[in-house]
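The residues making up each chain are set out below.
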Amino acid sequence: MNEANLGKVPHTCVLQLQAVYYNLKSAEKKAADFLLNEPETIYTLNTEEFAHKAGCSQATIVRLSKKLGYEGYPELKADFESLLRRDAFAEYEGINKDDSPYTVLRKIFEASAAALTDTLNTINQDSYAQAVDAMVNAETLMFCGVGDASLVAQEAYQRWVRVGQKCHCAIDPDLQLILASKLKPGDVLVAVSHSGRSKSVLNVVREAERVGALVVAITNFPVSPLAKRASLVLQTAVFTTYAGDEVMSKRVAELCLIEGLYASFLMAKGEPCIKNLMISNEVVHINKQ
């Protein structure tokens, strides 16, 4: 599945593609691949032209359209056309150059809210429960990310340190590798990467695997290198409409996942962790007086 052009595919279409792609028949997958490879041409093609270029039948295109949530190909085509002709300049869906400042703010909030809802509906509940169980039983946790994903990892680190859990986090890629090499079987590495392709994160994952640690991946793409290597995948569902993807929505979804893992961990550990949390809160109160 080609992920390079997902920003040029309508949001709801992307979510459905993520859900059904690997269960498509071979002919339907050809049509889906053409849609992903040439999204900017879809609205210019009729079913005959689409079928010729994709190497499948017209009936296959109709079936794929319905599997993607459309009544038929005309509705799919219209969705692509409205997306590509929208007068927008920003990375968030629907923000236009004549929007008022408050309208921009509202649309950003709406995009973030949609990202959270979509992520909640996408998360594999069994994988989430297994991740919580692994973290509860681990002697040591490690959190890893690069760029702004490192901020998510650092936030997680601070959460678990407060409750007395032995854990590691570092910004420097070399130190990340060193810390990963110190993990043991039963320990857990939580790797955060929206794309799932961050080279330094993948290097840390390989090192954690080498020493027998379990890897939990928080990523947006279930077929990314990170997702393929991880023991457990917690998938976010954050897709921007335009070419750029450096939007805060993706980190908001990741942070909420971290918060959920933390709350579940705290509930499972019970009184000892709560006692440590209270001590931590009392200590930092000194800086607030």
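## Thoughts on the overall build of the chain
If you tally the helices and strands in the chain, you get 13 helices and 5 strands. Taking all 289 residues of the chain together, the buried fraction comes to 47%. A gap of 4 Å separates the mean positions of the 30 positive and 34 negative side-chain charges of the chain.

## Here we look at the packing of aromatic side chains
Both the distance between ring centres and the angle between the ring planes are used here to describe each pair of aromatic rings. This structure, assessed with the given rule, holds 6 aromatic pairs. For the ring pair W160 and Y262, a centre distance of 5.5 Å and an interplane angle of 80° mean the geometry is edge-to-face. Of this pair, W160 sits in helix α8 (residues 149–162) while Y262 sits in helix α12 (residues 249–269); the two residues are 102 residues apart in sequence, bridging distant segments of the chain. You'll find W160 and Y262 in the same group, each marked buried. Taking 5.8 Å as the distance between ring centres and 70° as the angle between the ring planes, the aromatic pair formed by W160 and F265 counts as edge-to-face.

## A few points about the pattern of salt bridges
Here the structure, examined in full by the defined rule, presents 10 salt bridges. Residue E28 pairs with R63 through a salt bridge whose shortest N-O separation is 3.3 Å. Of this pair, E28 sits in helix α2 (residues 26–37) while R63 sits in helix α4 (residues 58–67), and the two are 35 residues apart along the sequence. We classify E28 as buried; its relative accessible area is 1%. Each of the salt bridges in this network shares a partner with another, and the network as a whole consists of E28, R63 and K67.

## Describing the pairing of strand β3 (residues 188–192)
Counted residue by residue, β3 has 5 buried out of 5 residues, so it is predominantly covered. Alternating residues of β3 divide into V188, V190 and V192 and L189 and A191, and every residue in both groups is buried. Pairing analysis gives 4 bridges linking strand β1 (residues 141–144) to β3, with the strands arranged parallel. Bridge pairing in β3 links L141 to V188. A crossover links β3 with its parallel partner strand β4 (residues 214–219), the connecting element being helix α10 (residues 199–210), and its sense is right-handed.

## Thoughts on the packing of α2 against α4
Where α2 contacts α4, the two axes come as close as 9 Å, and the packing angle between them is 75°. The angle between α2 and α4 falls in the class roughly perpendicular. Only T60, R63, L64 and K67 of α4 make contact with α2, whose side of the interface consists of A27, E28, A31 and A32. Class assignment for the residues of the contact of α2 with α4 results in 4 nonpolar, 1 polar and 3 charged.

## Topic: the sheet that holds β1
Here 5 strands make up an open sheet; going across it, the order is β2-β1-β3-β4-β5 and the pairing parallel. If you trace the sheet from one side to the other, it starts and ends with β2 (167–169) and β5 (232–235), each paired once. Across the sheet, the axes of successive neighbouring strands diverge by a mean angle of 15°, strand direction being ignored. Strands β1 and β2 of the sheet are contacted by helix α9 (residues 173–181), whose axis makes an angle of about 155° with β1.

## Some remarks on the nonpolar core
Judged by nonpolar contacts, the single largest core of 33 residues is most densely connected at M135, F143, W160 and L234. If near-sequence neighbours (up to four positions away) are discounted, M135 is found in contact with L141, F143, W160, V188, V190, L261 and F265. Counting residues in hydrophobic clusters, the runner-up holds 27 residues, among them L6, V20, L35 and C56.

## Comments concerning the confidence of the model for the chain
Looking at the chain, pLDDT values average 88 and 91% of them are 70 or higher. Here residues 241–245 is a poorly scored stretch, pLDDT under 50, and it has 19 contacts once near neighbours within four places are set aside; other chains count.

## A look at helix α7 (residues 125–137)
The end-to-end C-alpha separation of α7 is 19 Å, in line with the 18 Å expected for 13 residues at 1.5 Å each. For α7, every residue scored as buried is listed here: S127, Y128, A131, V132, A134, M135 and V136. Buried-residue contacts for α7 involve β1, α8, β3, β4, β5 and α12. Taking the backbone nitrogen of D126 as reference, a side-chain oxygen 3.0 Å away marks N124 as the first, capping residue of α7.

## A few points about α12
Residues spaced three or four apart along an α-helix point in a common direction, a consequence of the helix completing one turn every 3.6 residues. For α12, spanning 21 residues, the distance from its first C-alpha to its last is 30 Å, which sits close to the expected 30 Å at 1.5 Å a residue. Along α12, the positions that sit buried rather than exposed are S249, K250, R251, A253, E254, L257, I258, L261, Y262, F265 and L266. Phi for G270, located one or two positions after α12, is positive at around 75°.

Reading guide: rules and limits
Residues numbered from 1 in each chain as written. Predicted model: local features only at pLDDT ≥ 70, side-chain atom pairs only at ≥ 80, totals over all residues. Heavy atoms only, no water. Helix = DSSP H or I, 4+ residues; strand = E, 2+ residues; numbered from the N terminus. Buried < 20%, exposed > 50% of the residue type's maximum accessible area, 1.4 Å probe, protein only. Lys, Arg positive; Asp, Glu negative; His and termini not counted. Charge placed at Lys NZ, Arg CZ, Asp CG, Glu CD. Phe/Tyr/Trp six-rings, centres within 6.5 Å; stacked < 30°, edge-to-face > 60°. Salt bridge = Lys/Arg side-chain N within 4 Å of Asp/Glu carboxyl O. Pairing = 2+ DSSP bridges. Right-handed = clockwise from strand over helix to strand, strands pointing away. Axes fitted to C-alpha atoms, helices over the stretch in contact; angles between N-to-C directions. Parallel < 35°, antiparallel > 145°, perpendicular 65-115°, else oblique. Contact = heavy atoms within 4.5 Å. Nonpolar A, V, L, I, M, F, W, Y, C, P; charged D, E, K, R; others polar. Core = buried A, V, L, I, M, F, W, Y, C linked by side-chain atoms within 4.5 Å. pLDDT = per-residue confidence, 0-100. Expected span 1.5 Å × (residues − 1). Polar contact = N/O pair within 3.5 Å; in protein donor to acceptor, adjacent residues only side chain to side chain.

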